[in-house]
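Here is how the chains run, residue by residue.
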Amino acid sequence: MATVTLDTLRKEFDNGRIVAVDDVSLDVADGEFVTVVGPSGCGKSTTLRMIAGLESPTSGSIRIGGEDVTDLHARDRDVAMVFQNYALYPHKTVRENMAFGLRMSTDLSKAERREKVDETAEMMGIEELLDDTPGELSGGQKQRVALGRAIVREPDVFLFDEPLSNLDAKLRTTMRTEIQRLQDELGVTSIYVTHDQEEAMTMGDRLAILDGGELQQTGRPKDVYERPRNEFVGGFVGSPSMNTLPVVASGDDSGVTLSNDRVRYDLSGERARRVADAGVEDIHLGVRPEDVRVVDSGGIDTVVDVVEPVGSDNYLYLDLGPDFIARVDADVEPAMDDRIQVTFDERDVHLFDARTGDSLL
Ligand code: ATP
């Protein structure tokens, strides 16, 4: 059982002046696909490199399949890593690149190794490339070879470090599907690092969101999207980002009004109770662009600053706050400077404590 357990894993650099990974604990189940996502510098790569054994933790521990591997050398861990820059040997052929890891990590005969490489190459659709060197391959082909090299070793755990970042958008989409298919077929426990929230939302069973070295939230993509634990996660997950408006709460648990000089929104249900119970006055009201609707009457008055067509939808930039966007159907097309009214359902309202950023829901 190749579970991966990180227990208060910490990595400091520069004599503690940089805390790259700040006491991260995470359990990855056998066969699970977890995507670690966060902005640049949040500690994703360092976390992955510690799991691979390429970086040693300052404190905390790593277990793979129940075994404490914290002090084990990288080559003694049964993990295979796929890198953004492919990390192929330039002077070896594709076949030699794939076979190299096998020679290092198993005691198979030459014929058996050859057979395994052939099988994997077929699975990856790269049989034709086996005699080429990396210099003769496109970016997509190189990444396929790098994946093949990881797969052929039949490791307990796959580690992916932004493997698709160097590919163009179309190829990235194809490769995403392919990696998911392979992971599903092989059932190998996988940890996939990316800074791209869209990639993270579409790949993997579970997300682990990092910021400033700290784990912010873990959960299924849909759950994280619907119930972000704090304002950072709410803003990071989803595109365009969640709108947030600073408001002040007044009222009691039978009804709460959230207002500022441009917005007034009445809460009456569960959310009113939550705000009243928390006794917090300064709140950031979050609402996703896709949850904002244009209505004829009874909504919040606003002015359209910009209309940005994006294919099937229009993004309306409204003067409710900086970069406040309503994502509406393309046939809703007000002109710039038009006065319109917008609304959103109470169930789509997110509420964050303005001071701590924590969700009140
Ligand atoms: P990116 O997506 O930009 O690669 P990341 O989320 O993977 O970012 P890390 O590369 O893990 O982040 O870096 C986390 C923090 O640790 C950053 O502040 C980085 O500058 C710092 N850091 C990483 N490696 C070292 C090192 N060898 N020496 C000093 N600081 C480092």
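Residues numbered from 1 in each chain as written. Predicted model: local features only at pLDDT ≥ 70, side-chain atom pairs only at ≥ 80, totals over all residues.

Going by what an unreviewed UniProt entry lists, the chain is known as ABC-type D-xylose/L-arabinose transporter and is assigned to Halarchaeum grantii. Listed under Function (unreviewed entry) in UniProt, the entry text for the chain is "Part of the ABC transporter complex XacGHIJK involved in the uptake of xylose and arabinose. Responsible for energy coupling to the transport system." Under the UniProt heading Sequence similarities (unreviewed entry), the entry covering the chain gives this text: "Belongs to the ABC transporter superfamily. Carbohydrate uptake transporter-1 (CUT1) (TC 3.A.1.1) family." (UniProt positions renumbered as here; feature names shortened; annotations may be inferred.)

### Quick word on the sheet that holds strand S10 (residues 214-219)
Here we have six strands laid out as an open sheet, ordered S6-S7-S8-S3-S9-S10, and mixed in their pairing. Every other strand in the sheet has two partners, leaving strand S6 (79-82) and S10 as the edge strands with one partner each. Across the sheet, the axes of successive neighbouring strands diverge by a mean angle of 15°, strand direction being ignored. Pairing of S6 with strand S7 (residues 157-161), which is carried by four bridges, proceeds in the parallel orientation. Looking at S7, one finds that Ala-80 is bridged to Phe-158. (Pairing = 2+ DSSP bridges. Helix = DSSP H or I, 4+ residues; strand = E, 2+ residues; numbered from the N terminus. Axes fitted to C-alpha atoms, helices over the stretch in contact; angles between N-to-C directions.)

### Examining the site of the ligand
Contacts to the ligand come from 13 residues, most closely from Phe-13, Ala-20, Ser-40, Ser-45 and Thr-46. Of all the secondary-structure elements, those providing two or more residues to the shell around the ligand are strand S2 (18-28) and helix H1 (44-52). At three residues, the largest contribution of residues to the shell around the ligand is made by H1. Counted by class, the shell around the ligand contains four nonpolar, seven polar and two charged residues. (Near = placed C-beta within 6 Å. Nonpolar A, V, L, I, M, F, W, Y, C, P; charged D, E, K, R; others polar.)

### Quick word on the confidence of the model for the chain
Looking at the chain as a whole, its pLDDT mean stands at 93, while 99% of the residues score no less than 70. In the predicted complex, the global pTM is 0.92; the interface-specific ipTM is 0.97. (pLDDT = per-residue confidence, 0-100.)

### Examining the sheet that holds strand S18 (residues 324-329)
Read across the sheet, five strands follow the order S15-S19-S16-S17-S18 without closing on themselves; strand pairing throughout is antiparallel. Because the sheet does not close on itself, it has two edges, and the strands there are strand S15 (293-295) and S18. Direction aside, neighbouring strands of the sheet carry axes that sit 55° apart on average. Judged from the six bridges that link them, strand S17 (residues 313-318) and S18 form a sheet pairing that is antiparallel. In the strand pairing of S18, Leu-318 is matched with Phe-324.

### Here's the deal with the domain arrangement of the chain
Here the domain parsing of the chain yields domain 1 (4-235) and domain 2 (240-353). Once you take the C-alpha centre of each, domain 1 and domain 2 turn out to be 39 Å apart. Between domain 1 and domain 2, the residue contacts involve five residues of the former and seven residues of the latter. (Domains from an automatic or database assignment. Contact = placed C-beta atoms within 7 Å.)

### Overview of the pairing of strand S13 (residues 264-267)
Examined bridge by bridge, strand S12 (residues 255-259) and S13 share four bridges and lie antiparallel to one another. By the bridge assignment for S13, Leu-258 is matched with Tyr-265. Hairpin remark: S12 followed by S13, antiparallel, with four residues in the connecting loop.

### Some remarks on H1
With eight of its nine residues buried, H1 lies for the most part within the structure. Looking only at H1, the buried set comprises Lys-44, Ser-45, Thr-46, Thr-47, Leu-48, Arg-49, Met-50 and Ile-51. In the segment just after H1, Gly-53 is the residue with positive phi, at about 90°. (Buried ≥ 20, exposed ≤ 12 C-beta atoms within 10 Å, placed from the backbone.)

### So, unusual backbone geometry
Geometrically, the link from Ser-239 to Pro-240 is a cis peptide bond, its omega value of -5° lying close to zero. Backbone geometry at Asp-14 places phi at a positive 60°, although glycine is not the residue there. Considering the arrangement of structural elements, one finds Asp-14 in the loop between strand S1 (4-13) and S2. For Asp-23, which is not glycine, the phi torsion reads 55° and is therefore positive. Among the structural elements, Asp-23 can be located in strand S2.

### Considerations on the nonpolar core
Grouped together as the largest cluster of nonpolar side chains are 58 residues, with contacts concentrated most on Val-36, Ile-51, Val-157, Phe-158, Leu-159, Ile-191 and Ile-209. The element best represented in this core is helix H4 (residues 139-152), accounting for six residues. If sequence neighbours within four positions are ignored, Val-157 has contacts with Ala-2, Val-4, Ile-64, Asp-78, Val-79, Val-188 and Thr-189. By size, the runner-up hydrophobic cluster in this structure holds 24 residues, among which are Val-247, Val-256, Ala-326 and Leu-351. (Core = buried A, V, L, I, M, F, W, Y, C linked by C-beta atoms within 7 Å.)

### A look at the packing of helix H3 (residues 110-124) against H4
At their nearest, the axes of H3 and H4 sit 9 Å apart, and the two run at 135° to each other. Relative to H4, the element H3 lies oblique. For the pair H3 and H4, the crossing hand works out as right-handed. Judged by residue contacts, Lys-116, Val-117, Thr-120, Ala-121 and Met-124 of H3 engage Arg-144, Leu-147, Gly-148, Ile-151 and Val-152 from H4. Per-class residue counts for the contact of H3 with H4 are six nonpolar, two polar and two charged. (Parallel < 35°, antiparallel > 145°, perpendicular 65-115°, else oblique. Left-handed = near helix turned anticlockwise from the far one by under 90°.)

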